[in-house]
Amino acid sequence: MDDVLTRGARIPALGFGTFRMPGAEVLEILPQALKTGFRHVDTAQIYQNEAEVGEVLAASGLARGEIFLTTKVWIDNFPKGRFRLSVEESLKKLKTDHVDLLLLHWPRFSDVPLADQIGFLNEVRAAGLAKDVGVSNYSSELMRKADALSAAPLVTNQIEYHPYLSQKAVLDQARAGGGSITAYYVMADGAVPQDPELREIGAKYGKTAAQIALRWILQQPQAIALSKTAKAERLAENFALFDFALTKEEMDRIHALARPEGRIVSPPGLAPEWDAA
Ligand SMILES: NC(=O)c1ccc[n+]([C@@H]2O[C@H](COP(=O)([O-])OP(=O)(O)OC[C@H]3O[C@@H](n4cnc5c(N)ncnc54)[C@H](OP(=O)(O)O)[C@@H]3O)[C@@H](O)[C@H]2O)c1
């Protein structure tokens, strides 16, 4: 497994995602994901499965230092008085005294100014509750603002990223500061596994379209990919990404699949003004 070095943090390039994975499913699939070799696990307060993630990690026999664990603070917990408490609750559920990475899940500005959100993130980091901190669903402009406000380096911006959505502005901003992006929704809601062009590229390597999209992320500088599956038979598939490499021409062909209407995740009330695609 490759690592991405980003502003002093070392993040395993491929992570296992647990969004839309109820606790019972986590108990079933996460032990198998760890057996497959996944060592980076992504959860969030809002996923309501931190307790089960913690249970599986505790029972895994793996040392805490072998796992890279991320959780995200939900927007309701941004106010002063709730932020740190919510992280302490997360840690209790996760059965650990720290996460490797703590993210602000979505931007929200109505009641808690960005400076406060970033300040609270820095406070919990300084208290040792999180080794590193970052953001999620930030535009390049928000990244710039957040960077300017943060004492600690913001090591990643977790964003929707797949072949149909150019994230050039965000990627450029992250790379310029030595940071990274972490890609979610790489399957683009089921479109990627069906894509004829990705399938055609995959045929050359004996790989599926899903593997080609994940590999395409991993081959980009300063990019980390998350992959979620509740199906045991897909775990090995989604992990088998390190025994082949796409050519520059294939990378470019996949970049060319991006389209202006490619964004899928943009919840009203949470989404910021996105960069032009
Ligand atoms: N920060 C944020 O706001 C945010 C938002 C969304 C997600 N995330 C994080 O990113 C992770 C990944 O995103 P995601 O959950 O949307 O997952 P994804 O990796 O894009 O997968 C989406 C769906 O594709 C299916 N799939 C997975 N591997 C496949 C394969 N090889 N062939 C065909 N289908 C496949 C899975 O269904 P099955 O389970 O049925 O296999 C899964 O439900 C999340 O779990 C979460 O940790 C973060």
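The shown structure was predicted, so the numbers you read here are calculated from the model rather than taken from an experiment.

Peer 1: So, the site of the ligand: which residues are in play, and what are the values?
Peer 2: Among the 27 residues in the neighbourhood of the ligand, the closest are listed as Asp-42, Thr-229, Ala-230, Lys-231 and Arg-234. The separation between an oxygen atom of the ligand and a polar main-chain atom of Ala-230 is 2.8 Å. Its free accessible area being 880 Å², the ligand has 90% of it covered by the protein chains. Judged by its atoms lying within 2 Å of the grid points, the ligand is housed in the largest pocket. Of all the elements in the fold, those that place two or more residues in the shell around the ligand are strand 10 (223-227) and helix 10 (232-239). The dominant element in the shell around the ligand, judged by the number of residues it contributes, is helix 10, at three residues. Partitioning the shell around the ligand into residue classes produces 11 nonpolar, nine polar and seven charged.

Peer 1: So, the nonpolar core: which residues are in play, and what are the values?
Peer 2: By size, the foremost hydrophobic cluster in this structure holds 87 residues, and its most contacted members are Leu-30, Phe-83, Leu-102 and Ile-181. Among the elements that make up this core, the one with the highest residue count is helix 9 (residues 209-218) (seven residues). Not counting residues up to four positions away in its chain, the partners in contact with Leu-30 are Phe-16, Glu-25, Val-41, Val-53 and Val-56.

Peer 1: So what's going on with helix 10? Which residues, and what values?
Peer 2: The set of residues buried in helix 10 consists of Leu-235, Asn-238 and Phe-239. One side of helix 10 holds all its buried residues, which, seen down the axis, span an arc of 90°. On its buried side, helix 10 packs onto strand 3 (14-17), helix 1 (23-36), helix 9 and strand 10.

Peer 1: Run through the pairing of strand 2 (residues 9-12), naming residues and quoting values.
Peer 2: Pairing geometry for strand 1 (residues 3-6) and strand 2, over four bridges, is antiparallel. By the bridge assignment, Val-4 is partnered in strand 2 with Ile-11. Between strand 1 and strand 2, which pair antiparallel in sequence order, lie two residues; one of them, Arg-7, sits at a positive phi of approximately 50°.

Peer 1: Could you give an account of the layout of surface pockets, with specific residues and numbers?
Peer 2: Taken as a whole, the largest pocket holds about 850 Å³ of empty space. Forming the walls of the largest pocket are 38 residues, and the residues nearest its centre are Phe-19, Arg-20, Tyr-185, Met-187 and Lys-228. The set of elements that each furnish at least two residues to the lining of the largest pocket consists of helix 7 (191-194), helix 9, strand 10 and helix 10. Among the residues making up the lining of the largest pocket, the classes are represented as 18 nonpolar, 12 polar and eight charged. The calculated volume of the second largest pocket comes to roughly 260 Å³. Looking at the second largest pocket, it is lined by 15 residues, and the ones nearest its centre are Gln-45, Glu-50, Asn-77, Glu-89 and Lys-93.

Peer 1: Give me the sheet that holds strand 6 (residues 99-104): which residues, what numbers.
Peer 2: Spatially, 3-4-5-6-7-8-9-10 is the arrangement adopted by the eight strands of the closed barrel, whose pairing is parallel. When the angles between neighbouring strand axes are averaged without regard to direction, this sheet yields 30°. In the packing of helix 3 (residues 83-94) onto the sheet, the strands contacted are strand 5 (68-73) and strand 6, and the crossing angle to strand 5 comes to about 140°.

Peer 1: I'd like a rundown of unusual backbone geometry, residues and numbers included.
Peer 2: For Asn-137, which is not glycine, the phi dihedral falls at a positive 60°. The residue Asn-137 is located in the loop between strand 7 (130-136) and helix 5 (140-149) in this model. Since its relative accessible area comes to 2%, Asn-137 is described here as buried. A positive phi angle, close to 65°, is found at Tyr-185, a residue other than glycine. Structurally, Tyr-185 is set in the loop between strand 9 (181-184) and helix 7.

Conventions we followed
Residues numbered from 1 in each chain as written. Predicted model: local features only at pLDDT ≥ 70, side-chain atom pairs only at ≥ 80, totals over all residues. Heavy atoms only, no water. Near = heavy atom within 4 Å. Polar contact = N/O pair within 3.5 Å; in protein donor to acceptor, adjacent residues only side chain to side chain. Areas by Shrake-Rupley, 256 points an atom, 1.4 Å probe, with all protein chains shown as cover. 1 Å grid on protein atoms, 1.4 Å probe; cavity = no way out; pocket = protein on both sides within 12 Å on 5 of 7 lines; lining within 4 Å. Sits in = over half its atoms within 2 Å of the grid points. Helix = DSSP H or I, 4+ residues; strand = E, 2+ residues; numbered from the N terminus. Nonpolar A, V, L, I, M, F, W, Y, C, P; charged D, E, K, R; others polar. Core = buried A, V, L, I, M, F, W, Y, C linked by side-chain atoms within 4.5 Å. Buried < 20%, exposed > 50% of the residue type's maximum accessible area, 1.4 Å probe, protein only. Contact = heavy atoms within 4.5 Å. Arc of directions from axis to C-beta. Pairing = 2+ DSSP bridges. Points joined across faces, edges and corners; volume = space filled by probe spheres on them. Axes fitted to C-alpha atoms, helices over the stretch in contact; angles between N-to-C directions.

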